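Structural overview
This is what each chain is made of:
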Amino acid sequence: FSADDVTVLFVLGGPGAGKGTQCERLVAAYGFTHLSAGDLLRAEQNRAGSQYGELIKDYIKNGEIVPMEVTIVLLENAMRDAMSAKPTGTTTTAAAGNPALKGKFLIDGFPRKFDQAVKFEEAVCPAKFVLFYDCPEEEMERRLLERGKTSGRSDDNADSIRKRFRTFIETSMPVVDYYEKQDRVARIRANVPPDEVYRATQAELAKRLGG
Ligand code: UP5
Ligand code: MG
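None of these values were measured; they are calculated from a predicted model.

**A closer look at the nonpolar core**
Within the largest apolar cluster, 45 residues are counted, with the highest numbers of intra-cluster contacts made by Leu75, Leu106, Ile107 and Val130. Excluding residues within four positions of it along the chain, Leu75 makes contact with Leu35, Ala37, Leu40, Ile107 and Phe110.

Structure below.
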């Protein structure tokens with residue numbers, strides 16, 4: 001696919017800020033294709049025959065960032081699949097059946113490191129802007145520990161959560177700052193109920209995408 005045919009928004013925010021929750025709603029209402037880098041990595045980790053399974057498992061448990069070569073290929077493949085999907089009635093292909101919806105992507109939880117941001121925008125396509133969900137650590141911790149009771153995620157435990165927060169502050173926030181300097185960040189207060197976060201998100205989309 002060509003960069004001209006796609007609109008990409010990066011969806012960033014700390015662990016548990018509510019990225020996935022908001023993306024799900026945006027998919028239903030706007031026909032975006034939602035690609036969570038974390039979900040793609042977890043799927044690759046579990047794929048029989050993957051040469052990266054063990055590596056991904058270790059990085060995720062330790063809240064560290066998987067080398068971008070792995071993540072960018074997964075994202076690129078998923079984008080290509082979505083662009084070429086035949087309309088068969090599933091969520092992704094609903095977009096493929098409607099040219100107006102084709103090629104609108106929410107890239108959730110990526111880029112988490114400065115070099116990833118530069119590489120992706122160079123090699124795949126530039127992002128239109130960044131939706132940044134801003135949430136205090138205490139609230140994110142509360143949400144993740146609660147979710148950890150049932151999520152089965154290897155990183156929803158106190159020890160991994162602490163490491164994820166540290167990586168977020170030290171490595172991922174500089175990405176947000178970088179985009180902020182270019183006026184490409186829509187900052188959304190995320191420690192309010194999901195409906196309220198969603199209304200603020202819609203307002204930002206209207207402002208920046210029109211409609
Ligand atoms: N919840 C959501 N919104 C709420 C609200 N407004 N009020 C109250 N509760 C709310 O939400 C988390 C929980 O909070 C849920 O229980 C939800 O109901 C509730 P969710 O929408 O899942 O938040 P999200 O921001 O998506 O949290 P997630 O845990 O997915 O964030 P992470 O960024 O930590 O996870 P991700 O899957 O993106 O990455 C996991 C790991 O993968 C990383 O730590 C890293 O090791 C690896 N990774 C890479 O190496 N490279 C990448 O590019 C991406 C990931
Ligand atoms: Mg998520």
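Back to the write-up after that little detour.
**Details of the sheet that holds strand β1 (residues 7-13)**
A sheet is described by the order of its strands in space; here 5 strands give the open sequence β2-β3-β1-β4-β5, paired in parallel fashion. Each edge of the open sheet carries a strand with a single partner, namely β2 (33-36) and β5 (185-189). Looking at each pair of strands side by side, their axes are set apart by 20° on average, direction ignored. Relative to strand β4 (residues 129-134), β1 runs parallel, the two being bridged by 5 bridges. Counterpart to Gly13 in the pairing with β4 is Tyr133. Docked against the sheet, helix α1 (residues 19-30) engages β1, β2, β3 (104-108) and β4, running at close to 170° with respect to β3.

**A word on the packing of helix α2 (residues 37-46) against helix α3 (residues 53-61)**
Two numbers describe how α2 lies on α3: the axes approach to 8 Å, and their chain directions differ by 135°. By the criterion of interaxial angle, the relationship of α2 to α3 is oblique. In terms of crossing hand, the pair formed by α2 and α3 is left-handed. Together, Leu41, Glu44 and Gln45 of α2 and Gly53, Ile56, Lys57 and Ile60 of α3 make up the contact between the two elements. For the contact of α2 with α3, a count of residues per class yields 3 nonpolar, 2 polar and 2 charged.

**Some remarks on unusual backbone geometry**
With omega at 0°, the peptide bond leading from Phe110 into Pro111 counts as cis. Here Pro111 shows up in the loop between β3 and α6 (114-123). The backbone of Asp183 shows a phi angle near 60°, a positive value even though the residue is not glycine. Structurally, Asp183 can be placed in the loop between α8 (158-181) and β5.

**As for the site of ligand 1**
Surveying the vicinity of ligand 1 reveals 30 residues, the closest of which are Pro15, Gly18, Thr21, Gly38 and Gly109. Looking at the shell around ligand 1 residue by residue, the classes come out as 13 nonpolar, 10 polar and 7 charged.

**Focus on the UniProt feature "binding site: ATP" (unreviewed entry) in the chain**
Residues annotated by UniProt as "binding site: ATP" (unreviewed entry) correspond here to Gly16, Ala17, Gly18, Lys19, Gly20, Thr21, Arg147 and Val192. Mapped onto the secondary structure, Ala17 falls in the loop between β1 and α1. Judged by C-beta crowding, with 26 C-beta atoms within 10 Å, Ala17 ranks as buried. Every residue in contact with Ala17, bar those within four places of it in the chain, is listed here: Tyr133, Cys135, Met140 and Ala190. Among the secondary structure elements, Gly18 is positioned in the loop between β1 and α1. Apart from the residues lying within four places of it in its own chain, the contact partners of Gly18 are Gly13, Tyr133, Cys135, Ala190, Pro194 and Val197.

Cut-off values and rules
- Residues numbered from 1 in each chain as written.
- Chains lettered and ligands numbered in written order.
- Predicted model: local features only at pLDDT ≥ 70, side-chain atom pairs only at ≥ 80, totals over all residues.
- Core = buried A, V, L, I, M, F, W, Y, C linked by C-beta atoms within 7 Å.
- Buried ≥ 20, exposed ≤ 12 C-beta atoms within 10 Å, placed from the backbone.
- Contact = placed C-beta atoms within 7 Å.
- Pairing = 2+ DSSP bridges.
- Helix = DSSP H or I, 4+ residues; strand = E, 2+ residues; numbered from the N terminus.
- Axes fitted to C-alpha atoms, helices over the stretch in contact; angles between N-to-C directions.
- Parallel < 35°, antiparallel > 145°, perpendicular 65-115°, else oblique.
- Left-handed = near helix turned anticlockwise from the far one by under 90°.
- Nonpolar A, V, L, I, M, F, W, Y, C, P; charged D, E, K, R; others polar.
- Near = placed C-beta within 6 Å.
- UniProt positions renumbered as here; feature names shortened; annotations may be inferred.

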